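Each chain, written out:
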Amino acid sequence: MSKAMSKVEPPSRGVRFTVGRDAGGRWIVSDRDGLVGGLFTDRASAVHFAMFESDRTPGAVCCVPEDVTLSLGPIFETPVRVPRAIDPRMKIVGRG
């Protein structure tokens, strides 16, 4: 095994993002930690976002059956105070 190959980390395993519909029928994406997600107009856009955010890692995105209802998680359900300055760790997603 070459030195270059020994430094390569194996891909992370397991589902990172779940794609489905919420109680209002909107398409949502939620990550396993409830920190990244969003609302989308269609399934294709939701899947595209999840695949992009997971670097297209095989098995990282799970689409749930139509009869399962999802929610975005607690971080999206509580009012959030707008910070005075954008934290460099924050990711702003959307069209402007």
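Residues numbered from 1 in each chain as written. Predicted model: local features only at pLDDT ≥ 70, side-chain atom pairs only at ≥ 80, totals over all residues. Heavy atoms only, no water.

Let's hear about the packing of aromatic side chains: which residues, and what values?
Within this structure, the stated rule accounts for two aromatic pairs. Judged by centre distance (6.4 Å) and plane angle (75°), the rings of Phe17 and Phe49 are edge-to-face. In this pair, Phe17 sits in strand E1 (residues 17-21) while Phe49 sits in helix H2 (residues 43-53), placing the two residues 32 residues apart along the sequence. On the accessibility criterion, Phe17 (0% relative accessible area) is buried. Judged by centre distance (5.3 Å) and plane angle (40°), the rings of Phe40 and Phe49 are tilted. Exposure remark for Phe40: the relative accessible area of 19% places this residue in the buried category. Taking relative accessible area as the criterion, Phe49 reaches 10% and is therefore assigned buried. Each residue in the set Phe17, Phe40 and Phe49 is aromatic and connected to the rest through ring pairs, giving one cluster. (Phe/Tyr/Trp six-rings, centres within 6.5 Å; stacked < 30°, edge-to-face > 60°. Helix = DSSP H or I, 4+ residues; strand = E, 2+ residues; numbered from the N terminus. Buried < 20%, exposed > 50% of the residue type's maximum accessible area, 1.4 Å probe, protein only.)

An account of unusual backbone geometry is requested, with residue identities and associated values reported.
What is expected of a backbone is that most residues other than glycine have negative phi and most peptide bonds are trans. A positive phi angle, near 55°, is found at Asp55, a position not held by glycine. In this fold, Asp55 is placed in the loop between H2 and strand E4 (61-63).

Residues and numbers for the pairing of strand E3 (residues 37-40), please.
Every regular strand shows the same layout, with side chains that alternate between the two sheet faces. Covered by surrounding structure in E3 are Gly38 and Phe40 only, the residues Gly37 and Leu39 on the alternate face being uncovered. Looking at chain direction, strand E2 (residues 27-31) and E3 are connected through four bridges and run antiparallel. In the strand pairing of E3, Ile28 is matched with Leu39. The hairpin formed by E2 and E3 contains five residues between the paired strands, and Gly34 there has a positive phi angle of roughly 70°. (Pairing = 2+ DSSP bridges.)

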